[in-house]
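# Descriptive structure summary
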Amino acid sequence: MRIVFIGPPGAGKGTQAEKIVAAYGLAHLSTGDMLRAARDARTELGLKADQYMSRGQLVPDQVIIDLIHERLQRPDCRGGYLLDGFPRTIAQAEALDHLLAGRNTPLDVVLELQVPGEELFRRLAGRGRADDTPEVIRQRLVAYNQQTEPLLDYYGRRGLLQTIDGLGTVDEIFARIRAALNPLAR
Ligand code: ADP
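A short tour of the structure in this document, coming up. (Residues numbered from 1 in each chain as written. Predicted model: local features only at pLDDT ≥ 70, side-chain atom pairs only at ≥ 80, totals over all residues. Heavy atoms only, no water.)

Another aspect to go through is the nonpolar core. By size, the foremost hydrophobic cluster in this structure holds 32 residues, and its most contacted members are Leu72, Leu96 and Tyr155. Elements supplying a minimum of two residues to this core: strand 1 (2-6), strand 2 (27-30), helix 2 (31-40), helix 3 (44-53), helix 4 (61-72), strand 3 (81-84), helix 5 (90-103) and helix 8 (150-157). Counting residues per element, this core draws most heavily on helix 4, which supplies six residues. Once residues within four sequence positions are removed from consideration, Leu72 is found in contact with Leu29, Cys77, Tyr81, Leu96, Leu99, Leu100 and Arg103. Listed in part, the 24 residues of the second largest apolar core include Tyr24, Leu26, Ile164 and Phe174. (Core = buried A, V, L, I, M, F, W, Y, C linked by side-chain atoms within 4.5 Å. Buried < 20%, exposed > 50% of the residue type's maximum accessible area, 1.4 Å probe, protein only. Helix = DSSP H or I, 4+ residues; strand = E, 2+ residues; numbered from the N terminus. Contact = heavy atoms within 4.5 Å.)

Moving on to the layout of surface pockets. In this structure, the largest pocket occupies an estimated 770 Å³ of space. As for the largest pocket, its lining consists of 37 residues, of which Lys13, Gly32, Arg36, Arg88 and Arg129 are closest to the centre. Contributions of two or more residues to the lining of the largest pocket are made by strand 1, helix 1 (13-24), strand 2, helix 2 and helix 7 (134-148). Examining the composition of the lining of the largest pocket, we find that five residues originate from one element, helix 2, more than from any other. Of the residues contributing to the lining of the largest pocket, the split by class is 14 nonpolar, 13 polar and 10 charged. (1 Å grid on protein atoms, 1.4 Å probe; cavity = no way out; pocket = protein on both sides within 12 Å on 5 of 7 lines; lining within 4 Å. Points joined across faces, edges and corners; volume = space filled by probe spheres on them. Nonpolar A, V, L, I, M, F, W, Y, C, P; charged D, E, K, R; others polar.)

Here we come to the site of the ligand. Around the ligand lies a shell of 17 residues, among which Thr31, Arg36, Gln57, Gly85 and Arg140 are the nearest. Note that a nitrogen atom of the ligand is positioned 2.9 Å from one of the side-chain N or O atoms of Gln92. At a threshold of 2 Å from the grid points, most atoms of the ligand map onto the largest pocket. Counting residues per element, the shell around the ligand draws most heavily on helix 2, at four residues. Residue classes in the shell around the ligand are distributed as seven nonpolar, five polar and five charged. (Near = heavy atom within 4 Å. Polar contact = N/O pair within 3.5 Å; in protein donor to acceptor, adjacent residues only side chain to side chain. Sits in = over half its atoms within 2 Å of the grid points.)

What follows is the structure, given as structure tokens:
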């Protein structure tokens, strides 16, 4: 299966992503994790990306598109993958469509993990990652609303979107995800 996983910061996407890839045997492609690894390794790309990440802003599209283009060519992606944190803009979604059309490997589904705004801020404020200061959190939520939310419409029009209620226990939410994915699994 080829899945795009969309949700605002604090929705619990990382937790559910781990469970999905384990249950369905998928490669986990998290652009946030890739960028943090590049930053910690102090590569040129990582240091450049950090200038945006530390402010809660999105890294420029072309940087991310190149990263994903390279990653999708690795053999572990042949058995299917979960894209976590990508695409995050319409330009990224269009670039992904273009990449996948060229390989004749369309997406199977786009999962949206939906959590109300007040709940997100509450969860994020309790998390304590280095980019989790109140101002950076606010900025990340703004970036989501302005740049990523339009993707819901983009994928909705293509009939790919399935919205998952992100309130409840980890197991309850995962059961909802399984119910959405099982009919597509092969
Ligand atoms: P969050 O915890 O907000 O869900 P991630 O861990 O996915 O965020 O990503 C952390 C940061 O990395 C983002 O705030 C952004 O600066 C950068 N980033 C990750 N993925 C992308 C992307 N697809 N496009 C642009 N920037 C990205």
